[in-house]
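# Structural overview
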Amino acid sequence: MTAHKILFLVLDGISDRPCPELGNRTPLQAAVTPILDGIAAEGACGIMDTIAPGIRPGSDTAHLSLLGYEPEKYYTGRGPLEAEGCGIHMEPGMIGFRCNYATLDDQGRVVDRRAGRIHGTEPLSQAIQEGVDLSPLGVEFFFRSGAGHRAALAFRGEGLGVAVTSNDPKKEGVPPLPFEARSGDEADRMTARALAAFVAQAEEILRDHPVNASRRAEGLLPANTVLVRGAGKMGYFEPFSTKYGLSGKVISAAALISGIGTAVGLTRVDVPGITGSVDSDLGAKVRAAREALSSADFVLVNIKGADEAGHDGNVREKVAFIEKIDLALAPLARLPDTLIVVCADHSTPCSVKDHSADPVPVVIAGEGVRVDRVTSFNEISCAEGGLHRIRGSSLMPILLDLLNRSPKYGA
Ligand code: ZN
Ligand code: ZN
């Protein structure tokens, strides 16, 4: 018997370093995780450098590498992937940017880079999409809301460069910065001009928008400008289905991860109630994953909360969220005809409050897997497993081989 499907579960930033608060155990070691331990007991375990030893991955570059798209070749910055994740169809050559709605005071100084952590900006983004006109510059643009105060912008047109500065001053009490070309290239100057025109026109539309009028009436900060950063040119991604012969779906609350998924040709599954934080509705995500597997060969699921707890340096919250994940995973533990992979995209140690290059635990369970002696899913136990220490880019080839779909190398 051979499995035909793959459930690829990325527990974002779940791995860590020994925490003194936990008696020098990691949060994964300290947490009670019968489901993850059961998967480890029935699988082949290892540790994994998602990009390469000593390379501290971003979530974006790590996910590209795990999916078999070398970040050195495919990664062109966060902007285009974030734009793709916000629902803009990014064609190769388009320029993408990450944006924030922000608040300016009467003197034009930034008073809040997140516009009072505004939610529900869709009417604002729609008004900007309909009202701003960059056609005199020969630029077509797409502007969409993301989660909370976030949004994304994309440009399509001839002769646009990506070497431009951001208008985000990165602090409050000062005006936004002018957009400038980082080079003498006319293409970069053109993009800077288009960005300046975009923001000026967007501010006109935002000033008197009903959403902002009612925010002011409620004593909330208006979203009266847009900060733009992270310019990057969308590259060409060989479609996942061509590369592996598998149809695929992606389930993630983080726009960046869904953007990577759809950029490589996975179909995005939207799940109401998932937030990308520790309050996410994991049950809904797990049900969506089971459902997605009924119509796709490959399903990528990203669960984000543990990364957030790591960035906050909150050891107790990280342990508690790991236990919440474990409970939620029960319906996925033994799916017929399916290989399950559980790993992280990088470590996010609470002591570092950022990503580190420490290798992450990984387990593959299902038909045909050589079960090793590891019986708990954590950074230390998995290091003794049969997969030993692999790179993220080796994972898809290993999985394809277990599906008996790997091309033979040689005679
Ligand atoms: Zn991550
Ligand atoms: Zn992170």
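First, a word on what this report is: a plain description of the structure on this page.

Ideal donor angles around a metal are set by the shape: a four-donor tetrahedron calls for 109.5 degrees, a six-donor octahedron for 90 or 180 degrees. Distances from the zinc ion (ligand 1) to its protein donors, D12 (OD), S59 (OG), D345 (OD) and H346 (NE2), fall at 1.9 to 2.0 Å. Geometry at the zinc ion (ligand 1) is tetrahedral, judged from the four donor atoms that bind it and their angles of 100 to 131° at the metal. Here the zinc ion (ligand 1) and the zinc ion (ligand 2) are spaced 4.5 Å apart. Remark: H346 occurs in the loop between β11 (338-343) and β12 (360-365) and D12 occurs in the loop between β1 (5-11) and α1 (27-30); sequence separation between them is 334 residues. This pair shows no difference in class: D12 is buried, exactly as H346 is.

Attention now moves to the sheet that holds strand β8 (residues 248-251). Sheet architecture is open: eight strands sit in the order β9-β8-β10-β1-β11-β12-β2-β13, paired in mixed fashion. The outermost strands of the open sheet, each flanked by one partner alone, are β9 (267-268) and β13 (388-391). Note: β8 against β9, two bridges, orientation parallel. By the bridge assignment, V250 is partnered in β9 with R268. Together, β1, β2 (43-49), β11 and β12 form the strand contacts of helix α2 (residues 34-41), whose direction differs from that of β2 by roughly 100°. Strands β8, β9 and β10 (298-303) of the sheet are contacted by helix α10 (residues 255-263), whose axis makes an angle of about 170° with β8.

Between helix α6 (residues 122-131) and helix α7 (residues 186-207), the shortest axis-to-axis distance is 10 Å and the interhelical angle comes to 125°. By the angle class used here, α6 and α7 are oblique. In the crossing of α6 with α7, the sense of the turn from one axis to the other is right-handed. The segment α6 lies against α7, with L124, A127, I128 and G131 engaging F198, Q201, A202, I205 and L206. Of the residues assigned to the contact of α6 with α7, the class counts are seven nonpolar, two polar and no charged.

One pass over the structure, following the stated rule, counts 17 salt bridges. Put simply, K304 and D12 hold a salt bridge, and the shortest N to O gap is 3.5 Å. Linking K304 in the loop between β10 and α12 (305-311) with D12 in the loop between β1 and α1, this pair joins segments that are 292 residues apart in sequence. Just as K304 is buried, D12 falls in that class too.

Rules used in this analysis
Residues numbered from 1 in each chain as written. Chains lettered and ligands numbered in written order. Predicted model: local features only at pLDDT ≥ 70, side-chain atom pairs only at ≥ 80, totals over all residues. Heavy atoms only, no water. Donors = N, O, S within 2.8 Å, 3.2 Å for Na, K, Ca; no water. Tetrahedral: all angles 85-135°; square planar, octahedral: opposite > 155°, others 65-115°. Helix = DSSP H or I, 4+ residues; strand = E, 2+ residues; numbered from the N terminus. Buried < 20%, exposed > 50% of the residue type's maximum accessible area, 1.4 Å probe, protein only. Pairing = 2+ DSSP bridges. Contact = heavy atoms within 4.5 Å. Axes fitted to C-alpha atoms, helices over the stretch in contact; angles between N-to-C directions. Parallel < 35°, antiparallel > 145°, perpendicular 65-115°, else oblique. Left-handed = near helix turned anticlockwise from the far one by under 90°. Nonpolar A, V, L, I, M, F, W, Y, C, P; charged D, E, K, R; others polar. Salt bridge = Lys/Arg side-chain N within 4 Å of Asp/Glu carboxyl O.

Distances and angles like these do not, on their own, reveal function.
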